[in-house]
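# Report on the structure
Here is what each chain is made of, one letter per residue.
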Amino acid sequence: DGGITQSPKYLFRKEGQNVTLSCEQNLNHDAMYWYRQDPGQGLRLIYYSQIVNDFQKGDIAEGYSVSREKKESFPLTVTSAQKNPTAFYLCASSIVRGGNQPQHFGDGTRLSIL
Amino acid sequence: KQEVTQIPAALSVPEGENLVLNCSFTDSAIYNLQWFRQDPGKGLTSLLLIQSSQREQTSGRLNASLDKSSGRSTLYIAASQPGDSATYLCAVRGSSSYKLIFGSGTRLLVRP
């Protein structure tokens, strides 16, 4: 089955700790995205990547970092510089060619502070 | 700066009712508009994508319309069922970016 896998489902971060959220897709999509969702709000874009070894900041990139070494994988690191990391994190992917293609989403990782 | 608003924030209807969810956006220069469904604690499922040149899209009991000039889209759900209970989000993609700008969603409850 093709899809996007996010892990872990739940993650706890201690003060001063960096944590990494995993996102893997087997849809052969070129573009991948990370979003943050806070309670009762829509999604806000953190980072996106249209091609391997290239990525761009979204609207709320401060305190986060990403890498795109493989087409299938787009991990997100929440650094200690992100002072309010508690949120629901969603990874998505899409075809780039053609333009009018929907984004497909994983089931999310819920990050909390210990 | 593009802003997307969804009204109402929450809606409760009896089973079988037809209903309309609203989405408005401030910049009409969009590439497309998408409607998503989100179940509690889950990711988003794409329901319908309307290209900027289109007026509507249909899938089963769902129909989405787009009026770019007035900055509005509606999602019409016919003969609602309890299984339709979820949060519905709309998102617009700008004409010069791959970014999606999301509304905060409408939480729908369909009562049996």
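Let me begin by describing the structure that accompanies this report. Counting restarts for each chain, with residues numbered from 1 along the sequence as it is written. Chain A is the first chain written and ligand 1 is the first ligand written, with later ones labelled in order. It should be noted that, the model being predicted, local features are given only for residues of pLDDT at least 70 and side-chain atom pairs only at 80 or more, the latter also being counted only at that level, while totals for whole chains, interfaces and linings use all residues. Heavy atoms from the whole structure form the basis of all side-chain values; hydrogens and water molecules are not counted.

## Details of a nonpolar patch on the surface
Residues and elements named next belong to chain A. Like-charged residues within 9 Å of one another, or nonpolar side chains (Val, Leu, Ile, Met, Phe, Trp, Tyr) within 5 Å, are grouped into patches, provided each residue has over 30% relative accessible area and no salt bridge. Using the Shrake-Rupley algorithm and a 1.4 Å probe, accessible areas are obtained, with residue cover drawn only from the displayed protein chains. Should a side-chain nitrogen of Lys or Arg be within 4 Å of a carboxyl oxygen of Asp or Glu, the pair is scored as a salt bridge. Among the surface-exposed residues, Y10, F12 and L114 lie close enough to one another that they form a single nonpolar patch of about 380 Å² accessible area. Secondary structure is summarised from DSSP: a helix means a run of H or I of at least four residues, a strand means a run of E of at least two, and numbering begins at the N terminus for each. Position of Y10 among the secondary structure elements: in strand 2 (residues 10-13). The classification of residues rests on relative accessible area computed with a 1.4 Å probe and restricted to protein chains. Under 20% of the type maximum is buried, over 50% is exposed, and intermediate values are partly exposed. Assessed through its relative accessible area of 53%, Y10 is described here as exposed.

## Concerning unusual backbone geometry
Glycine aside, a negative phi is what most residues show, and trans is what most peptide bonds show. Following S7(A), the chain continues into P8(A) via a peptide bond in cis, with omega recorded as -10°. Looking at where P8(A) falls in the secondary structure, it is placed in the loop between strand 1 (4-7) and strand 2. Cis geometry marks the peptide bond from I7(B) to P8(B); its omega dihedral reads 0°. Mapping P8(B) onto the fold places it in the loop between strand 1 (4-7) and strand 2 (10-14). At N53(A), a position not held by glycine, the phi torsion is positive, near 65°.

## Considering the interface of chain A and chain B
The contact definition used throughout considers only heavy atoms, calling two residues in contact when any of these lie within 4.5 Å. At the interface, 25 residues of chain A touch 21 residues of chain B. Buried area adds together the accessible area that both of two parts lose upon being put together, with accessible area traced by a 1.4 Å probe. Taking both partners together, chain A and chain B bury about 1,800 Å²; carbon and sulfur atoms supply 52% of that area. The partner of K99(B) in a salt bridge is D59(A), with the nearest N and O atoms 2.8 Å apart. Listed by contribution, the elements that provide at least two residues to the side of chain A that touches chain B are strand 4 (31-37), strand 5 (43-51) and strand 9 (87-94) of chain A. In terms of residue count, strand 5 of chain A provides more of the side of chain A that touches chain B than any other element does, four residues in total. Split into classes, the residues belonging to the side of chain A that touches chain B amount to 10 nonpolar, 11 polar and four charged. Classification used: nonpolar for Ala, Val, Leu, Ile, Met, Phe, Trp, Tyr, Cys and Pro, charged for Asp, Glu, Lys and Arg, polar for all others including Gly.

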